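# Close look at the chain arrangement
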Amino acid sequence: MGSSIYGGSSSQIFFILSSFVSLSIAALPHNPSGKSFASSGSGQINSNSVLVALLDSHYTELAELVEKALLLQTLEEAVGKHNITIFAPKNEALERQLDPEFKRFLLEPGNLKSLQTLLMFHIIPKRVGSHQWPDPKTGSVKHATLCDDHIRLSSKPSGRKTVDSAELFRPDDVIRPDGVIHGIHQLLIPRSVIEDFNKRRNLRSITAVLPEGAPEVDPRTHRLKKPAPVPVGAPPVLPVYDAMAPGPSLAPAPAPGPGGPRHHFDGESQVKDFIQTLLHYGGYNEMADILVNLTSLATEMGRLVSEGYVITVLAPNDEAMAKLTTDQLSEPGAPEQIIYYHIIPEYQTEESMYNSVRRFGKVKYDTLRLPHKVVAQEADGSVKFGHGEGSAYLFDPDIYTDGRISVQGIDGVLLPLEETETVKKPAAVKVASKPRRGKLLEIGCWMFGTLRSRLCQ
């Protein structure tokens, strides 16, 4: 039997080997595309893949976000289907050039979908090398991304290549068989992520915290006392200034929850209503934008009203807000301080203010910007606020009045009058010295005359 095996003809051996190879090929999974598989049976991607190159590259911030967004499996599937092009922002764009509040928004667990959309916005499901960029004469070319959005590739006459508003600074930085990575100067943010971020900053994210009343502060130790029971409908224990923490933004006492002692004060809804009224009224969009987007004052005003405080807002119209200079708004906390000066911790209407100035002449109202006060007086049958050129008239009275919040439209931005006065020092008087010409000659003649008279005697 052994001789029949080892002594077989070459044609028999070739037939056996051919049958073995045919069976092995038939056992492999079907691959109609004809591409080599980048992933093994264990789910590991090829070591020469562009994804491995990204994780091992100097784009460490982007690689870390990809891992936190749980996108590796999705990107593995995308690489298995087609080549990809990754636009990788430099680390500085994610570390120092990104708004800290926006970065916190992306890293919150509830915003995982927004983070994934942002990252997939940087990936095109096809290979686009630097030599394939559109010519400046042909204009920009639109490409679909993995997040079903589009980005535009364009070239400048100077030779610079751009992706939307970001410029390539490392074209073809990493090249692999299944993709390419280009380095860009800044992060690309799709419109959907911006809208999600603005929604989170909007008033819809306001939620009540502890169902407790305002705490009582010991004036000697400045520490909190045990909260005393507050009857329903009673005014707040603390004045509005004690409910505000020091700093550029308000930090009032905790707002009550659904079972709190003052649950009938829904400051969140009232602030929403008056801001929506400003938008629908027209001409006060800048004021509403500052309250909601530029600062967190709308949130804090809602909490104050929930605690039982009442406020009157002197709202400058858009024409007045447009006159503010960049220097007035660029300093940290400047927008908050300007708005504080327009909030009076009293409930005033057009009728009450006009009656006050008619009766008392000038009336000084406290503001949330201590220790400055707003001066009001009667002028031309209306109420005039402020001093001199920085004054404003009551332009649109009673835009919103609900018993807790009163909004009065004015035609100027009020700025506090500085109390520091420059003391003028008297100018030094220069005394000119009299000319002393001929004095020595006069003395010499006098001595000579005296000596001569004595000699003659």
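Quantities reported herein were computed from a predicted structural model and do not represent experimental measurements. Numbers given for residues are sequential positions, taken from 1 along each chain in its written order. Per-residue local features of the predicted model are confined to residues with pLDDT of at least 70, and side-chain atom pairs are confined, for both listing and counting, to 80 or more; whole-chain, interface and lining totals are unaffected and use all residues. Excluded from the side-chain calculations are hydrogens and water; all other atoms, namely the structure's heavy atoms, are used.

### Section: the overall build of the chain
- Put simply, DSSP H or I for four residues or longer makes a helix, DSSP E for two residues or longer makes a strand, and each gets a number counted from the N terminus. Counting its secondary structure elements, the chain contains 17 helices and 14 strands.
- Buried means the residue's accessible area, taken with a 1.4 Å probe over protein chains only, is under 20% of the maximum for its type, while exposed means over 50%, and partly exposed covers the values in between. Counting only residues that meet the buried cut, the chain has 38% of its 457 residues in that class.
- In what follows, a contact means two residues having at least one pair of non-hydrogen atoms within 4.5 Å. Within the chain, residue pairs in contact and separated by at least 24 positions form 66% of the contacts whose partners lie at least 6 positions apart.
- Exposure was quantified through the Shrake-Rupley algorithm and a 1.4 Å probe, taking into account, for residues, occlusion by the shown protein chains and nothing else. Taken as a whole, the chain presents about 27800 Å² of accessible surface, with 55% of it coming from carbon and sulfur.

### Some details on the packing of aromatic side chains
- Only the six-membered ring of Trp is used, alongside the rings of Phe and Tyr, when aromatic pairs are assigned; centres must lie within 6.5 Å, and planes under 30 degrees apart are stacked while those over 60 apart are edge-to-face, with the rest tilted. Scanning the entire structure with this criterion turns up 6 aromatic pairs.
- The interplanar angle of 25° and the centroid separation of 6.0 Å between the aromatic rings of F102 and F105 together place this pair among those described as stacked. On the criterion of helical spacing, the pair formed by F102 and F105 is a turn pair, its members being 3 residues apart in helix 7 (residues 100-107). Each of the two residues, F102 as well as F105, counts as buried.
- Aromatic pair F102 and F197: ring centres 5.2 Å apart, planes at 80°, arrangement edge-to-face. Of the two residues, F102 is situated in helix 7 and F197 in helix 9 (residues 191-201); the sequence distance between them amounts to 95 residues.
- Classification of F197 by relative accessible area gives buried; the value is 9%.
- Through successive ring pairs, a cluster of aromatic residues spans F102, F105 and F197.

### Thoughts on the packing of helix 4 (residues 60-68) against helix 8 (residues 112-120)
- Fitting a line to C-alpha atoms yields each axis, with helices limited to the stretch in contact; the angle taken between N-to-C directions then spans 0 to 180 degrees. The interhelical angle for the contact between helix 4 and helix 8, taken along N-to-C directions, is 135°, at an axis separation of 10 Å. With respect to their mutual orientation, helix 4 and helix 8 come out oblique. In this structure, helix 4 crosses over helix 8, and the sense of that crossing is left-handed. The segment helix 4 lies against helix 8, with L62, L65, V66 and K68 engaging L112, L115 and L119.
- Any residue outside Ala, Val, Leu, Ile, Met, Phe, Trp, Tyr, Cys, Pro, Asp, Glu, Lys and Arg is labelled polar, Gly included; the first ten of those are nonpolar and the last four are charged. Its residues assigned to classes, the contact of helix 4 with helix 8 shows 6 nonpolar, no polar and 1 charged. Angles are sorted into four bins: roughly parallel if under 35 degrees, roughly antiparallel if over 145, roughly perpendicular if 65 to 115, and oblique for all others. Definitions for this section: a left-handed crossing has its near helix turned counterclockwise from the far helix by less than a right angle. A right-handed crossing has that turn clockwise.

### A closer look at empty space enclosed by the protein
- With a 1 Å grid spanning the protein atoms alone, the term cavity applies to any set of points in which a 1.4 Å probe fits but cannot get out, the term pocket to an open set with protein on both sides within 12 Å along at least five of seven lines, and the term lining residue to any residue with an atom within 4 Å of a point. Grid points are joined across faces, edges and corners, and a volume is the space filled by probe spheres set on the points. Taken as a whole and judged by the stated rule, the model has 2 cavities of 30 Å³ or more.
- Quantified by volume, the largest cavity comes out at close to 50 Å³.
- When the residues that make up the lining of the largest cavity are grouped by side-chain class, the tally is 6 nonpolar, 1 polar and no charged.
- Put simply, the second largest cavity is a space of about 40 Å³.
- What lines the second largest cavity is simply L65, L94, L98, K103, L106, L107, L118 and L187.
- In terms of residue count, helix 7 provides more of the lining of the second largest cavity than any other element does, 3 residues in total.
- Looking at side-chain class alone, the lining of the second largest cavity contains 7 nonpolar, no polar and 1 charged residues.

### A closer look at helix 16 (residues 350-360)
- Turning to helix 16, its buried residues are M353, S356 and V357. Here the buried residues of helix 16 occupy an arc of 90° about the axis, which is enough to place them on one side. For helix 16, the exposed residues lying more than 90 degrees away from the buried face are E351, R358 and R359.
- Where helix 16 is buried, its residues meet strand 10 (362-366), strand 11 (373-379), strand 12 (382-385) and strand 14 (405-410).
- Directly after helix 16, the chain includes G361, whose backbone phi takes a positive value near 80°. To be clear, the arc concerns the directions from the helix axis to the C-beta atoms.

### Some details on the sheet that holds strand 4 (residues 150-155)
- Pairs of strands are assigned from DSSP output, requiring at least two bridges between the strands. Across the sheet, which stays open at both edges, the 7 strands sit in the order 2-1-7-6-5-4-3 with mixed pairing between neighbours. Both outer strands of the open sheet, strand 2 (123-124) and strand 3 (141-144), are each paired with one neighbouring strand and no more.
- As judged from the 2 bridges shared by strand 5 (residues 161-163) and strand 6 (residues 166-176), these two strands associate in the antiparallel manner. Note that in strand 6 the partner of V163 across the bridge is A166.

### Here's the deal with the packing of helix 10 (residues 267-281) against helix 12 (residues 297-306)
- Here helix 10 crosses helix 12 at 130°, and the two axes come no closer than 7 Å. Our classification of the angle between helix 10 and helix 12 gives oblique. Handedness of the helix 10/helix 12 crossing: right-handed. Residues G267, E268, Q270, V271, F274 and I275 of helix 10 form the contact with helix 12, whose own contacting residues are A298, M301, G302, V305 and S306.
- Looking at side-chain class alone, the contact of helix 10 with helix 12 contains 6 nonpolar, 4 polar and 1 charged residues.

### Remarks on the side chain of S130
- One can find S130 in the loop between strand 2 and strand 3.
- A distance of 2.4 Å separates the side chain of S130 from the side chain of D172, its partner in a polar contact.
- Not counting the four nearest positions on each side in its chain, S130 is found in contact with K161, P171, D172 and H182. We define a polar contact as two N or O atoms separated by no more than 3.5 Å, with the added condition that, inside protein, one atom must be a possible hydrogen donor and the other a possible acceptor, whereas residues neighbouring each other in sequence contribute only through side-chain atom pairs.

### So, the side chain of H143
- Its place among the elements puts H143 in strand 3.
- In this structure, H143 is in contact with I124, K126, V128, D149, H150, I151 and L153, ignoring residues within four places of it in sequence.

### Some thoughts on the sheet that holds strand 14
- Taking strand neighbours across the sheet as the criterion, the 7 strands line up as 9-8-14-13-12-11-10 in an open arrangement whose pairing is mixed. Of all the strands in the sheet, just strand 9 (343-344) and strand 10 have a single pairing partner and so form its edges.
- Bridge count between strand 8 (residues 311-316) and strand 9: 2 bridges; the pairing is antiparallel. Bridge pairing links T312 to I344 in strand 9.

### Observations concerning helix 8
- With 7 of 9 residues buried, helix 8 lies mostly within the body of the structure.
- The complete set of buried residues in helix 8 reads S114, L115, Q116, T117, L118, L119 and M120.

### As for the environment of A320
- Within the secondary structure layout, A320 lies in helix 13 (residues 318-321).
- Looking at A320, the relative accessible area reads 6%, which means it is buried.
- Counting along the chain gives 72 residues from A320 to A392, while the straight-line C-alpha distance between them is 9.3 Å.
- Residues contacting A320, with those up to four places away along its chain left out, are D411, G412 and V413.

Spatial relationships are all this shows, so hold off on functional conclusions.
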